[in-house]
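# Observations on the three-dimensional arrangement
Read off the chains here:
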Amino acid sequence: MTTYHQDQIFSNKDFVQNIFQKGEYESCIFKNCNFSEADLSGSRFLECEFLGSNLSLAKLFKTVMQEVNFKDCKLLGLRFDKCEGIGLDLDFESCLLDNTSFYQCKLKNIKFKNCRLFETDFVEADLTGADFQGSDLLGAIFENTILEKADFRHAKNFIIDPETNKIKKAKFAMDGLPGLLQKYGIVVE
């Protein structure tokens, strides 16, 4: 039986100790909650906010996430590629997203503001118009990724091969050029 929750605030809940109740959550706020390794599969999150929460290694098979914002969250090893792809709409601010997968996700205009994205998988994702302001992309994987009109001007530690990614009209700062030219062995000083 699926439960429906609207306009509710969940504070300091531990869904590791108490099993997460699958259902539909609309316009809900999850503040300082622990979803670490919780099974969120099949749930629907519509216009929800996660603040200061830990969702590391949570299971997201067929999870619907539409207009979901994450702020100050720990999201290590999440597989957003397992979410329901239709309508997937996410934004992140000051989040840890190391080893997270966005493989083949369509996330136009997604925002990663001041996030850490170490070793994150963006292979074959559509990130048209994405904003990586203040984010650290050390070891992030971009391959056959659509990055047209994406903004990397204030991002750091990215390596993007212009020959295997679509980067038309993407924005880069001068100090980001080494990340575009690395495969050529060119030294930029």
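Let me sum up the structure you'll find in this document. Remember, predicted model here, so these are calculated numbers, not experimental data. (Residues numbered from 1 in each chain as written. Predicted model: local features only at pLDDT ≥ 70, side-chain atom pairs only at ≥ 80, totals over all residues. Heavy atoms only, no water.)

## A word on unusual backbone geometry
Basically, it comes down to this: Labels follow the DSSP assignment, with helices taken as runs of H or I lasting at least four residues and strands as runs of E lasting at least two, numbered in each case from the N terminus. The buried label goes to any residue with under 20% of its type's maximum accessible area, the exposed label to any with over 50%, and the partly exposed label to all in between, with areas taken from a 1.4 Å probe on protein chains only.
Although it is not a glycine, E37 sits at a positive phi angle of roughly 65 degrees. Positionally, E37 belongs in the loop between β4 (29-31) and β5 (44-46). For K169, which is not glycine, the phi dihedral falls at a positive 65 degrees. Classification of K169 as exposed rests on a relative accessible area of 61%.

## Focus: the sheet that holds strand β2 (residues 9-11)
The test is simple: One bridge is not enough; two strands pair if DSSP finds at least two bridges between them. Each axis is a line fitted through C-alpha atoms, and for a helix only the stretch in contact is used; angles between axes span 0 to 180 degrees, taken between their N-to-C directions.
Taken in spatial order, the six strands make up an open sheet running β2-β4-β6-β8-β9-β10, and their pairing is parallel. Each edge of the open sheet is held by one strand with a lone partner, namely β2 and β10 (111-113). The mean inter-strand angle of the sheet, taken between neighbouring strand axes irrespective of direction, is 10 degrees. Where strand β9 (residues 90-93) lies against β10, three bridges are found, and the strand directions are parallel. Bridged to D91 within β10 is K111.

## A look at the environment of G176
Tracing the sequence through the fold places G176 in the loop between β10 and α1 (177-181). Overall, the relative accessible area of 9% leaves G176 in the buried class. In this structure the C-alpha to C-alpha distance between G176 and D161, which are 15 residues apart in sequence, comes to 12 Å.

## With respect to the pattern of salt bridges
Applicable threshold: The salt bridge definition used is simple: a Lys or Arg side-chain nitrogen within 4 Å of an Asp or Glu carboxyl oxygen.
Enumeration over the complete set of coordinates arrives at eight salt bridges. The partner of D98 in a salt bridge is R116, with the nearest N and O atoms 2.5 Å apart. Note that D98 is positioned in the loop between β9 and β10 and R116 in the loop between β10 and α1, a separation of 18 residues in sequence. What makes R116 partly exposed here is its relative accessible area of 31%. Close ionic contact of D161 with K183 constitutes a salt bridge, the shortest N to O distance being 3.1 Å. In this pair, D161 is assigned in the loop between β10 and α1 and K183 in the segment after α1, connecting sequence segments 22 residues apart. Its relative accessible area of 47% is what places K183 among the partly exposed residues.

## So, the environment of P178
Looking at where P178 falls in the secondary structure, it is placed in helix α1. Note on P178: relative accessible area 36%, which makes it partly exposed. Placed 18 residues apart in sequence, P178 and I160 show a C-alpha to C-alpha distance of 9.4 Å.

## Thoughts on the sheet that holds strand β1 (residues 3-6)
If you trace the four strands from one edge of the open sheet to the other, you get β1-β3-β5-β7, paired in parallel fashion. Bordering the open sheet on either side are β1 and β7 (64-66), each of which pairs with just one other strand. The average undirected angle you get between the axes of adjacent strands in this sheet is 5 degrees. Of the pairings in the sheet, the one linking strand β3 (residues 23-26) to β5 comprises three bridges and is parallel in character. Pairing of E24 across the sheet is with R44, part of β5.

All we've got here are geometric facts, nothing functional implied.
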